[in-house]
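What follows is the residue order along each chain.
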Amino acid sequence: MPRKKKKPFNRLPNGFGSIKKLSGNRRKPYYVCGPESRVHGVRVPGEKIGSAQSWEEAYQMLSLWWAEKEDMSLPKNQKANVPPERTYTFAQVYEMYYKDKYELSLRKYSKSSQISTRAAFKNCSAIHNVPFYQIGYKELQENLDSLTIREKPLKHSSLELVKNLYRDMYRYAMKFDMAEKDYSQFVEIRIPDDDEKGEPLAPEELEILWRNKDVPEIQVALIICYSGWRISEFANIEVDLNSMTFHGGMKTAAGKGRIVPIHPRILPVLHDYMTHPIKSTESYRKELYKALAALNVLYYNKDNKRKKHTPHDFRHTFSWLCDTYGVDPFAKKIMIGHSLGKDVTDKVYGHRTVEQLRTEIEKIQ
């Protein structure tokens, strides 16, 4: 019977971390990470430390990581008093938050919502390994600002997803004493938004979309044209076919958590769309522009140059349809998610019930 080959290294102590040799021909095949843990029944992966060419180098890397983690200026009794929940990195808190929201919660979220959350986390790589408890306004704002000056700057809608991830993670972290203060409330997106700029579809262009309602990208366009959602809101939108309403919203106080009745004309399109929702706003934009170009749905700008329509133009199309068919102005503001203004009368009497909103939106033909 052949003798078993002896392992070239000893087993690591419990709770010390892990060293894994990855398959394939790699220059640094040994993957090093800190110890994993469990918080409220949720497995928290260990912090990613790096890669090494040999097991010995990996072990030295892990040992140095522990040495840097220890603050030698503090007595041992003070070190022991630091709660473990205050040592978790941004990435570790994210893993807990993600599992709590998408795997443990009774509420069901769409696949596109999960993709958008993961994309937002990926855009926080600069602070992944920073202890969450030590992150402040400065770190959050600098990370967000850096996304606007890189080689391929993020669009405003993608920055909103990052800001929303900050907010949601702080809500989760503060419940378990992983953060002392919610710094996400002070973060600002420092590039202009195109929310008030847009070119609604011409009637003949809208008719072209209806003639091509079986195209997935066109289906999304038609849904927005008859509901007024932002494309960035689509990832988290909820569809309730029993009450015939959409529920969702983001960005502003007036826009969050709003309810928009489903227009009867888009119901067949909506049923079809729900079988293959968009994966991400970026991939949707690319496919949309190809579809619109194929259909020759373009418009002339003020310089008489042909320009492509953007997803935001569909939101403006909804606003144009509301005006064209005499939808109550305050009902329109509520459905679009615009503020009712500073006028007290508007704030008190501008609200509408869902059925009143349904009556208004169904004026659109």
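Residues numbered from 1 in each chain as written. Predicted model: local features only at pLDDT ≥ 70, side-chain atom pairs only at ≥ 80, totals over all residues. Heavy atoms only, no water.

## Side note on the packing of aromatic side chains
Now for step 1: According to the stated counting rule, one finds 11 aromatic pairs in the structure shown.
Now for step 2: An angle of 65 degrees between the planes, with centres 6.5 Å apart, marks the rings of Tyr 97 and Tyr 172 as edge-to-face. Taken together, the positions of Tyr 97 in helix H3 (residues 90-104) and Tyr 172 in helix H6 (residues 156-175) put the pair 75 residues apart, joining distant regions of the chain. For the residue pair Tyr 97 and Tyr 172, the accessibility class agrees, reading buried in each case.
Now for step 3: When the ring of Trp 210 is compared with that of Tyr 226, the centres are 5.6 Å apart and the planes differ by 70 degrees; the resulting orientation is edge-to-face. In this pair, Trp 210 sits in helix H7 (residues 203-211) while Tyr 226 sits in the loop between helix H8 (216-225) and strand E6 (238-240), placing the two residues 16 residues apart along the sequence. Like Trp 210, the residue Tyr 226 is buried in the burial classification.
Now for step 4: The rings of Phe 90, Tyr 94, Tyr 97, Tyr 98, Tyr 102, Phe 121, Phe 132, Tyr 170, Tyr 172 and Phe 176 are connected pair by pair, giving a single aromatic cluster.
Now for step 5: In this arrangement the basic side chain of Arg 265 is found over the ring face of Trp 210, its NZ or CZ atom lying 4.0 Å from the centre.
Now for step 6: Lying over the aromatic face of Tyr 289, Lys 308 brings its terminal NZ or CZ to 4.0 Å of the ring centre. (Phe/Tyr/Trp six-rings, centres within 6.5 Å; stacked < 30°, edge-to-face > 60°. Helix = DSSP H or I, 4+ residues; strand = E, 2+ residues; numbered from the N terminus. Buried < 20%, exposed > 50% of the residue type's maximum accessible area, 1.4 Å probe, protein only. Lys NZ or Arg CZ within 6 Å of the ring centre and 35° of its normal.)

## A closer look at the sheet that holds strand E8 (residues 258-261)
Think of a sheet as strands paired side by side through backbone hydrogen bonds, with each pair either parallel or antiparallel.
Now for step 1: An order of E6-E7-E8 is seen for the three strands of this open sheet, with the pairing classed as antiparallel. Pairing within the sheet leaves two strands with one partner each, and these edge strands are E6 and E8. Going across the sheet, the axis of each strand differs from the next one's by a mean of 25 degrees, ignoring polarity.
Now for step 2: On the sheet, helix H14 (residues 354-361) packs against strand E7 (245-248) and E8 and is oriented at approximately 45 degrees with respect to E8. (Pairing = 2+ DSSP bridges. Axes fitted to C-alpha atoms, helices over the stretch in contact; angles between N-to-C directions. Contact = heavy atoms within 4.5 Å.)

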